[in-house]
Amino acid sequence: MADANNNLGPASAIEAVSIGEPGNRLFHIKISGQNGNAIVWIEKEQLNSVIIAFERILYLLETEYKDSTPKMTNTETANIISKSLFETTEFTSGNWSLKYDTDLDLISLWVDDINKNDGDNPHLNFQISALMAERFTSDAMEVYTGGRPVCPLCNAPLIQKERHLCPRSNGHAKILQ
């Protein structure tokens, strides 16, 4: 993979955030790295795809690399330089790529900017530990599922103060309110 325009290095924090009311939320991921900060605006379903990708790589690490010992502990990531000294890169997410680096025992991520047409060079690169990916996955899932409740039959969002006519009920189930 080509060098990223913004290489944050090892991340000390990664967090999924939602802003707004359920049904009208915006999502972004905040990353603080050794060489700077980033805010990556992301669609809700894209956030779910990132969560699934992390779960897959964590499963792979658990099954394929279970004998490897971590080279960067949680306390070491806390000692990385204060991120407030750097500017923050902010952009809307395009494609995400990730791989496990066996030498560093870190997961490397590359993120494209949807508004830039430079397919060879990702806009952002950073690395996270498996422990950080695990925590992000669980916290991000809470953010992802924290919106409107969904219909148990058709999975469509239930809108408050509106009757939901579920196509799967075929007229035989009670109308959910």
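Residue indices begin from 1 for each chain and proceed along its sequence in written order. Whole-chain, interface and lining totals are the exception, using all residues; otherwise, since this is a predicted model, local features are given only for residues with pLDDT of at least 70 and side-chain atom pairs are given and counted only at 80 or more. Side-chain numbers here rest on the full set of heavy atoms in the structure, without hydrogens or water.

J.: Give me the lowdown on the overall build of the protein, citing residues and values where you can.
T.: In this text, helices come from DSSP runs of H or I with a minimum length of four residues, and strands from runs of E with a minimum of two, each type numbered from the N-terminal end. The number of helices and strands found in the protein is three helices and six strands. When the helices and strands of the protein are placed in sequence order, the string is β-β-β-α-α-β-β-β-α. Burial status across the protein gives 38% buried among its 177 residues. Contacts are residue-level and defined by heavy atoms, with any inter-residue pair within 4.5 Å sufficient. Pairs at least 24 apart in sequence give 53% of the contacts found in the protein among residues at least 6 apart. Note that accessible areas follow from Shrake-Rupley with a 1.4 Å probe, and for residues the cover is restricted to the protein chains shown. Accessible surface, the protein as shown: approximately 11,100 Å² in total, 47% of it carbon and sulfur. Think of it in three bands: with a 1.4 Å probe and only protein chains considered, a residue is buried below 20% of the maximum accessible area for its type, exposed above 50%, and partly exposed in between.

J.: Account for the packing of aromatic side chains, with residues named and values stated.
T.: For Phe, Tyr and Trp, where Trp contributes only its six-membered ring, two rings pair if their centres lie within 6.5 Å, and the inter-plane angle classes them as stacked under 30 degrees, edge-to-face over 60, or tilted in between. One pass over the structure, following the stated rule, counts one aromatic pair. Only when the NZ of Lys or the CZ of Arg is both within 6 Å of the ring centre and within 35 degrees of the ring normal is a charge said to sit over the ring. Positioned above the aromatic ring of tyrosine 144 is the side chain of lysine 44, whose terminal nitrogen or guanidinium carbon lies 5.1 Å from the ring centre.

J.: Describe the pairing of strand 5 (residues 106–113), listing the residues and the values that go with them.
T.: Across the eight residues that make up strand 5, a large majority, seven, are buried. Note: strand 4 (residues 88–101) against strand 5, seven bridges, orientation antiparallel. Residue pairing across strands places lysine 99 opposite serine 108, the latter belonging to strand 5. At least two DSSP bridges between two strands are required for those strands to pair. In sequence, strand 4 turns back onto strand 5 through a hairpin of four residues, with aspartate 105 there showing a positive phi of about 60 degrees. One ladder, built from five bridges, connects strand 5 with strand 6 (residues 124–128); its direction is antiparallel. Paired with isoleucine 107 across the bridge in strand 6 is isoleucine 128.

J.: An account of helix 3 (residues 130–145) is needed here, citing residue identities and associated values.
T.: Over its 16 residues, helix 3 extends 22 Å from the first C-alpha to the last, a length consistent with the 22 Å expected when each residue adds 1.5 Å. Of all the residues in helix 3, the buried ones are Met132, Ala133, Phe136, Thr137, Ala140, Val143 and Tyr144. Within helix 3, the buried residues cover an arc of 135 degrees as seen down the axis, which keeps them to one side. Residues of helix 3 that are exposed and point over 90 degrees away from its buried face: Glu142 and Thr145. A helix's residues, less one, multiplied by 1.5 Å, set its expected span. As used here, the arc is the angular range of directions from the helix axis to the C-beta atoms.

J.: Quick one: what's the story with the sheet that holds strand 5, residue by residue and with numbers?
T.: The strand order around the closed barrel built from six strands is 1-2-3-4-5-6, with neighbouring strands paired in mixed fashion. Strand-to-strand twist across the sheet, computed as the mean angle between neighbouring axes with direction ignored, equals 45 degrees. Two strands pair when backbone bridges link them, and strand 3 (residues 36–42) and strand 4 are joined in this way by five bridges, in the parallel orientation. In the strand pairing of strand 4, valine 40 is matched with phenylalanine 91. All axes here are fitted lines through C-alpha atoms, helices being fitted over the stretch that makes contact, and every angle between N-to-C directions spans 0 to 180 degrees. Of the strands in this sheet, strand 1 (6–19), strand 2 (26–33), strand 3, strand 4, strand 5 and strand 6 touch helix 1 (residues 44–64), which is tilted by about 25 degrees from strand 4. The sheet strands contacting helix 3 are strand 1, strand 2, strand 5 and strand 6, and the helix crosses strand 1 at an angle near 20 degrees.

J.: Any details on helix 1? Residues and values, ideally.
T.: Side chains three or four residues apart in an α-helix point the same way, a direct result of the helix having 3.6 residues per turn. An ideal rise of 1.5 Å per residue puts 30 Å on 21 residues; helix 1 measures up with 30 Å between its terminal C-alpha atoms. Looking only at helix 1, the buried set comprises Leu47, Asn48, Val50, Ile51, Phe54, Ile57, Leu58 and Leu61.

J.: So what about the confidence of the model for the protein? Which residues, and what values?
T.: Do not read the predicted coordinates in detail wherever pLDDT is low. When pLDDT is averaged along the protein, the result is 82, and 80% of the positions lie at 70 or above. Every residue gets a pLDDT, meaning the predictor's confidence in that residue, from 0 to 100. Mean pLDDT across the secondary structure elements of the protein bottoms out at helix 2 (residues 74–78), with 42, and peaks at strand 2, with 96. Contacts of residues 69–84 to residues separated by more than four positions or lying in other chains number 25 contacts, the stretch itself having pLDDT below 50.

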